[in-house]
Amino acid sequence: MLRLAAIVLLAAGGAIIAPQPAVASDGGLAFAASARYELIPSEQRVRVTVDGAATSLTPDSATQRFYYTGISIPAPPGAANPSASAGGVGLAASVTESTDELSIIEVTFAQGVFYQQTYRFTLIFDIVDAGGAAAREVRIGSAFAAFAVWGFGDSGTDAVVDVALPPGFQATLLAGEMLESTTADGTVLSAPAGADAGTWFAYVTAELPNARVSEDLSVTVGDEVAEIELSAWPDDPGWVDTVRSLLVDGLPEMSEQIGLPYPLPGRLTVSEQAYGHLGNYAGTFDPLTDAIDIRYDTDAFVALHETAHIWFNGDLFEDR
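Described below are features of the structure shown in this document.

Calculation rules
- Residues numbered from 1 in each chain as written.
- Predicted model: local features only at pLDDT ≥ 70, side-chain atom pairs only at ≥ 80, totals over all residues.
- Heavy atoms only, no water.
- Helix = DSSP H or I, 4+ residues; strand = E, 2+ residues; numbered from the N terminus.
- Contact = heavy atoms within 4.5 Å.
- Axes fitted to C-alpha atoms, helices over the stretch in contact; angles between N-to-C directions.
- Parallel < 35°, antiparallel > 145°, perpendicular 65-115°, else oblique.
- Left-handed = near helix turned anticlockwise from the far one by under 90°.
- Nonpolar A, V, L, I, M, F, W, Y, C, P; charged D, E, K, R; others polar.
- Pairing = 2+ DSSP bridges.

1. As for the environment of A226
Here comes step 1: In this fold, A226 is placed in strand β19 (residues 224-232).
Here comes step 2: A226 has contacts with L217, S218, V219, V221, L251 and Y262, leaving out every residue within four places of it along the chain.

2. Side note on the packing of helix α1 (residues 237-258) against helix α3 (residues 300-308)
Think of two packed helices as two axes; the pair is described by the angle between the axes and how far apart they sit.
Here comes step 1: It is the contact of α1 with α3, at a shortest axis distance of 11 Å, that shows an interaxial angle of 50°. By the angle class used here, α1 and α3 are oblique. As for the relative orientation of α1 and α3, their crossing is right-handed in sense. Residue-level contacts link L246, L247, G250, L251 and M254 of α1 to A300, A303, L304, T307 and A308 of α3.
Here comes step 2: Considered class by class, the residues forming the contact of α1 with α3 number eight nonpolar, two polar and no charged.

3. Considering the sheet that holds strand β18 (residues 213-221)
Here comes step 1: Pairing is mixed across the open sheet formed by five strands, whose spatial order is β18-β19-β20-β22-β21. In this open sheet, the two strands that pair with only one neighbour each are β18 and β21 (283-286). The sheet shows a mean angle of 20° between the axes of neighbouring strands, direction not considered.
Here comes step 2: Here β19 pairs with strand β20 (residues 268-273) via four bridges, running parallel. Looking at β20, one finds that I228 is bridged to L268.
Here comes step 3: Where α3 meets the sheet, its contacts fall on β21 and β22 (291-295), and the angle it forms with β21 comes to roughly 15°.

Structure, rendered in structure tokens:
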């Protein structure tokens, strides 16, 4: 919401009285901005810096002067800890709305912005991971992050957006289009030239491939013992707990229901993966390496489906 006020001009002597709420006339407050998203995995947050310029297009009337006292800016889900400044002076900033779809950040100007005046300011906020369900919109850890990236500004202005990832992180876009470049400081994703700030967005996942922890698991399956290695990101114990429980309970039951003994003589590896590794699949089984890869937000059905491929694969009916 744009905050518009009016000064009433009195004919006698031209004196002015206190500002009063007013309805916006033609024009409005034009907004253009550039933004930089910086993934900080060690702090489990993305720091967003928005350099904005707000220009009043609302002309005065014969009896009133209109000016803006602030602006409310839509931002991606998970926005928190906002701060703002203009010309070295701190500005009031707060998150006034937060849903699974978006955040609204309100910035109060240090002065009124009158017709054809431009007010430049910087807004800084974090995108934070609130935890919860594995399939949540915002997920930021030390080895994996997934978050929405928006442009800032009115429709018809260019979306000037960069996303900075630390060295070693590999990016995958699940939505939108961005250009990728690599430097000694890491990877930078940029919105394409001509992208519209009012409509452009992307959804970025970033993974540090070799940052993993492993756990050995032995499960008695009938007369056999299944030796399993669980491999997951170091900051996602919930995935390990879920998959361990599914294998301990599921493998014996599946063997009994299928009517065949556990078939693997060697170790089974079950690994947590992201979109970039699995593509459009929620999970895969490789019978050549006895490896199951399961997406980080998978459910029990998918996990057990991939486990069933231990029995049901190209080796089950070799003679056919």
